[in-house]
Amino acid sequence: QVQLVESGGDLVQAGGSLRLSCVASGTIFSINAMGWYRQSPGKQRELVAAISSSGRTNYADSVKGRFTISRDNAKNTVYLQMNSLKPTDTAVYYCSRARYYSDRPPLPCDPWGQGTQVTVSS
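In this text the structure is predicted, and so the values were computed from the model without any measurement. (Residues numbered from 1 in each chain as written. Predicted model: local features only at pLDDT ≥ 70, side-chain atom pairs only at ≥ 80, totals over all residues. Heavy atoms only, no water.)

A. Layout of the overall build of the protein. Of regular secondary structure, the protein possesses 0 helices and 11 strands. Taken from the N to the C terminus, the helices and strands of the protein come in the order β-β-β-β-β-β-β-β-β-β-β. In summary, the protein has a C-alpha radius of gyration of 13 Å against a globular reference of 14 Å for 122 residues, a match within 12%. Dimensions of the protein, computed from C-alpha atoms along their principal axes, come out at roughly 40 × 30 × 25 Å. Out of the 122 residues in the protein, the part that is buried amounts to 42%. Accessible area of the protein: about 6400 Å², with a carbon and sulfur share of 46%. Here the protein contributes 13 positively and 8 negatively charged side chains, and the mean placements of these two sets differ by 3 Å. (Helix = DSSP H or I, 4+ residues; strand = E, 2+ residues; numbered from the N terminus. Rg over C-alpha atoms; globule rule 2.2 N^0.38 Å. Buried < 20%, exposed > 50% of the residue type's maximum accessible area, 1.4 Å probe, protein only. Areas by Shrake-Rupley, 256 points an atom, 1.4 Å probe, with all protein chains shown as cover. Lys, Arg positive; Asp, Glu negative; His and termini not counted. Charge placed at Lys NZ, Arg CZ, Asp CG, Glu CD.)

B. A look at the environment of Tyr79. In this fold, Tyr79 is placed in strand 8 (residues 77–82). Taking the C-alpha atoms as reference points, Tyr79 and Ile69, 10 residues apart in sequence, are found 5.6 Å from one another. Residues in contact with Tyr79, not counting those within four places in the same chain, are Arg19, Leu20, Ser21, Trp36, Thr68, Ile69, Ser70 and Asp72. (Contact = heavy atoms within 4.5 Å.)

C. Here's a closer look at the state of the cysteines. Scanning the model with the defined rule gives 1 disulfide in all. Disulfide pairing places Cys22 opposite Cys95 at an S-S distance of 2.1 Å. Residues Cys22 and Cys95 are joined by a disulfide whose S-S torsion is about -80°; by sign, that bridge is left-handed. Remark: Cys95 occurs in strand 9 (residues 91–99) and Cys22 occurs in strand 3 (residues 18–25); sequence separation between them is 73 residues. For the residue pair Cys22 and Cys95, the accessibility class agrees, reading buried in each case. Here Cys109 is not disulfide-linked; the sulfur of Cys95 is the nearest cysteine sulfur, at 11 Å. (Disulfide = S-S within 2.5 Å.)

D. Representation of the sheet that holds strand 3 within the structure. The 4 strands are arranged 1-3-8-7 in an open sheet whose pairing can be described as antiparallel. Two strands lie at the open edges of the sheet, namely strand 1 (3–7) and strand 7 (67–72), each paired on one side alone. If you compare each strand with its neighbour and ignore which way they point, the axes differ by 15° on average. (Pairing = 2+ DSSP bridges. Axes fitted to C-alpha atoms, helices over the stretch in contact; angles between N-to-C directions.)

Okay, here's the thing in structure tokens:
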């Protein structure tokens with residue numbers, strides 16, 4: 001069964017950086033698109049970044065130029081490097097497989113990981 005474990009969330013000051021990791025098991029990782037999503041209290045879960053099996057990336061407009069998604073297929077791991085963090089980045093960040101579409105942003109696929117909390121103080 002597919003399992004996803006996120007880590008790397010922390011409390012950081014505005015302008016700081018964090019690197020999130022998500023380790024996948026129970027799937028052929030190299031053929032899966034992967035995504036990072038986040039959810040803040042009172043808000044819907046939203047796409048942060050996604051990466052296809054071929055390395056194509058997608059980012060939310062709010063994080064372009066600041067966040068970078070990458071993957072290491074040998075380690076079954078997807079990363080999210082977050083720089084220049086803002087208080088508005090505060091959320092629980094989740095990892096999941098993602099599905100690409102021609103006419104809409106990549107959508108997540110169940111199951112989700114447990115999430116990792118990112119808190120950015122001003």
